[in-house]
Amino acid sequence: MLISRSVRRITKKWFNMQKKTTQGVQSAKEAVFRGGVIIVSAILIIWLSVFLYTAFYYAYMPSMSYVRPVHLQFKSCDEDKGICSFPSAHVQLTKKQNILMVGQPYKINLHLEMPESPANKELGMFMVCAQLRSRDGFLVEHACRSAMLHYRSTLLHMLSTFTFSPMMIFGTTEEKQNVVLELFGNFEEDQSHPVTIIYIEIQSRYIEFYSASIIINANLSGLRYLMFHWPILSAIIGIGTNLFFLALISILSYLHFAMEEEDKEENFVYERGESEEEKDIKTLSDLSSDSSSLEDVPALEDIPKSREEALSSHSSDPILGEPSYIQEISTLIAESSDVELTK
């Protein structure tokens, strides 16, 4: 009995230690795996939030300005000096389908670099007309604007010339003015007829100019205005918002899958525990049966010895003499019992 109890205790301790070690190894593996998943998911969330903000910025924000040179052309006179036609030019914005963003208002300005010559001063006011045409020649919009040089009196002209004379001598400054004409103040692109060509015409044959250019500026408002003028603040807010929502979605999904895995693990552990308990009970019963059989073996070996001694004592009894009929029957019963015990 003592041997069987000690064997049972040793087996129970062994199985408990084995379970604890396996559980510890599994918990360590799960902790390392979860930590790696959390780190990788955090890095992915950060990069994804930055990528989403940059993609939204370049998709939502239009190009701020487009600059195109205007090469004005005219017909020269055969007999008289000067020009015999209005200076005009076709400015091609793009060879593609469109260049402006649909729904975004734009300002289209014409910059004329004009000298302060007597001809321009005597010219006074003049008209500049512009036409916006699509690729197939469709007239999208038309506008005409008046312009002239800024007036400066003779005294002011003399003082400015005297003041800036050293720089004028070295060629750093010139006697010229940059006249800006706002041709279209709030133009929006038509999706069916995108603008690709701008036709410019100056309706004066006596104008003098150095160069001309068209500048198209996006008239921003609302969120686009904030994103352009405060880019760092808008980037922090946008990336932070993306991080919050992505982290919230990932945490909720992680908790959902973790709860499902815990339920599965509980069911699996319960079934596994039942099977292991059954195995432990079987092993313990086998060990106890083996130990009890080992303890009973010497007792069984002692039984025939005692019976043989009794028979020998009866046979060696001088009073009885030779074995009687009863003694023979008892010996036969003892032999049959020994055979059954050995079986």
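Residues numbered from 1 in each chain as written. Predicted model: local features only at pLDDT ≥ 70, side-chain atom pairs only at ≥ 80, totals over all residues. Heavy atoms only, no water.

In the annotation of an unreviewed UniProt entry, the protein chain is listed under the name Seipin and assigned to Vespula germanica. Its UniProt record gives the protein chain the following Subcellular location (unreviewed entry) comment, quoted word for word: "Endoplasmic reticulum membrane". (UniProt positions renumbered as here; feature names shortened; annotations may be inferred.)

## Observations concerning the sheet that holds strand 6 (residues 176–188)
If you walk across this open sheet you meet the four strands as 1-8-3-6, and the pairing is antiparallel. Lying at the two open borders of the sheet, with one neighbouring strand each, are strand 1 (65–69) and strand 6. Averaged over neighbouring strand pairs, the angle between their axes works out to 20 degrees when direction is ignored. Pairing of strand 3 (residues 105–115) with strand 8 (residues 211–218) involves eight bridges; the strand directions are antiparallel. Across the sheet, residue Asn109 finds its bridge partner in strand 8, namely Ile215. (Pairing = 2+ DSSP bridges. Helix = DSSP H or I, 4+ residues; strand = E, 2+ residues; numbered from the N terminus. Axes fitted to C-alpha atoms, helices over the stretch in contact; angles between N-to-C directions.)

## Quick look at the sheet that holds strand 5 (residues 139–147)
Spatial strand order, 2-7-4-5: four strands in an open sheet with antiparallel pairing. Two strands bound the open sheet, and with one partner strand each, they are strand 2 (88–92) and strand 5. Averaged over neighbouring strand pairs, the angle between their axes works out to 15 degrees when direction is ignored. Two elements, strand 2 and strand 7 (residues 195–203), share five bridges in a ladder whose sense is antiparallel. Bridge pairing in strand 7 places Gln92 opposite Ile197.

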